[in-house]
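# An overview of the molecular structure
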Amino acid sequence: MGAEINKVFLEVLGHSVFAWTLRAFEDCTVIHEIVVVTGEEDIFLCRDIIAEEGFTKVRAVLRGGATRAASVYAGISAAEDASMVVIHDAARPLVTPEIIERVVQSAEEHGAAIVAVPVVDTIKETENGFITKTVKRDKLYGAQTPQVFARQTILHAIEKYGEDITDDASAAEQAGIPVAIVAGSYENIKVTTPFDMAVCEMILRRRG
């Protein structure tokens with residue numbers, strides 16, 4: 001992003017990316033409690049935003065670990081009373097309560113489910129800067145979050161397979177856990193670049 005602060009604290013239409021993300025979960029009826037996992041240096045800022053925005057479902061703001069898996073594990077461990085856990089990146093502020101509810105319902109039926117969208121670009125496999133193969137895209141999906149799992153199941157999967165994962169479904173797959181695909185949205189982007197911020201603002205304005 002090239003910003004001087006964590007990208008999730010950049011503002012869009014008067015609210016931080018972090019706040020927009022939390023709002024979707026705050027407004028979703030199937031979400032009962034929220035655990036925020038962040039860097040130690042951002043814990044107090046997260047708490048300030050939560051207080052200012054009036055979020056009532058946040059039960060804890062925790063220090064994350066050195067890896068994604070360690071951070072996710074900390075959050076899941078703190079959700080002691082949950083039977084199902086919903087894992088989401090704070091940098092995806094355009095998720096909606098409807099998407100969250102849909103993936104939770106699927107996970108309750110199948111044990112695990114993630115949000116994903118069909119890949120629309122032609123995908124090339126390369127080596128040393130040259131194309132070696134064009135990959136058929138008819139079975140390819142772009143994984144998003146939320147990703148929802150039975151709590152104990154994903155805890156055990158991350159313990160055993162979580163070291164190098166880029167998403168939590170990867171650990172579940174390696175553990176042999178079937179993971180259902182739920183239709184996501186091409187609007188559910190992960191804010192990574194200044195261009196993404198512009199797209200985010202445009203979509204939020206269109207939503208009113």
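A short tour of the structure in this document, coming up. Values in this document were obtained by computation on a predicted structure and should not be read as measured data. (Residues numbered from 1 in each chain as written. Predicted model: local features only at pLDDT ≥ 70, side-chain atom pairs only at ≥ 80, totals over all residues. Heavy atoms only, no water.)

## A short note on the sheet that holds strand S10 (residues 180-183)
- With respect to topology, four strands assemble into an open sheet ordered S5-S9-S6-S10, the strand pairing being mixed. The sheet terminates laterally at strand S5 (84-87) and S10, the two strands that pair on one side only. Strand-to-strand twist of the sheet, defined as the mean angle between neighbouring strand axes without regard to direction, takes the value 30°.
- Relative to strand S9 (residues 141-150), strand S6 (residues 112-118) is paired through six bridges, and the arrangement is antiparallel. The residue bridging Pro118 from the neighbouring strand is Tyr141, located in S9.
- Across the sheet, helix H4 (residues 97-110) touches S5, S6, S9 and S10, and the angle it forms with S6 is around 130°. (Pairing = 2+ DSSP bridges. Helix = DSSP H or I, 4+ residues; strand = E, 2+ residues; numbered from the N terminus. Axes fitted to C-alpha atoms, helices over the stretch in contact; angles between N-to-C directions. Contact = heavy atoms within 4.5 Å.)

## Some points on unusual backbone geometry
- A cis geometry characterises the amide bond from Thr145 onward to Pro146, with omega recorded as 15°.
- With respect to the secondary-structure elements, Pro146 resides in strand S9.
- One non-glycine residue, Leu13, lies in positive phi territory at about 50°.
- Among the structural elements, Leu13 can be located in the loop between strand S1 (11-12) and strand S2 (15-16).
- By relative accessible area, which is 34% here, Leu13 ends up partly exposed.
- Of note in this structure, Asn128 is not a glycine but carries a positive phi near 55°.
- Inspection of the secondary structure assignment puts Asn128 in the loop between strand S7 (123-127) and strand S8 (130-135). (Buried < 20%, exposed > 50% of the residue type's maximum accessible area, 1.4 Å probe, protein only.)

## Some words on the pattern of salt bridges
- According to the stated counting rule, one finds ten salt bridges in the structure shown.
- The closest approach of N and O atoms between Glu40 and Arg63, which form a salt bridge, is 3.7 Å. Taken together, the residues Glu40 in the loop between strand S3 (34-38) and helix H2 (43-53) and Arg63 in strand S4 (residues 58-63) connect sequence positions 23 residues apart.
- The exposure class assigned to Arg63 is exposed, which follows from its relative accessible area of 53%.
- Shared partners join several salt bridges into a network, and the residues in it are Arg68, Asp89, Arg92, Asp168 and Lys190. (Salt bridge = Lys/Arg side-chain N within 4 Å of Asp/Glu carboxyl O.)

## Section: the packing of helix H3 (residues 68-78) against helix H5 (residues 151-161)
- In contact at an axis separation of 10 Å, H3 and H5 are set at 150° when each is read in the N-to-C sense. The pairing of H3 with H5 is recorded here as roughly antiparallel in orientation. When the axes of H3 and H5 are compared, the crossing they make is left-handed. Here H3 contributes Ala69, Val72, Tyr73, Ile76 and Ser77 to the contact with H5, which in turn contributes Arg151, Ile154, Leu155, Ile158 and Glu159.
- Its residues assigned to classes, the contact of H3 with H5 comprises seven nonpolar, one polar and two charged. (Parallel < 35°, antiparallel > 145°, perpendicular 65-115°, else oblique. Left-handed = near helix turned anticlockwise from the far one by under 90°. Nonpolar A, V, L, I, M, F, W, Y, C, P; charged D, E, K, R; others polar.)

## Topic: the environment of Glu4
- Tracing the sequence through the fold places Glu4 in the segment before S1.
- You can call Glu4 exposed: its relative accessible area is 85%.
- Along the primary structure Glu4 and Ala169 are separated by 165 residues, whereas in three dimensions their C-alpha atoms are 31 Å apart.

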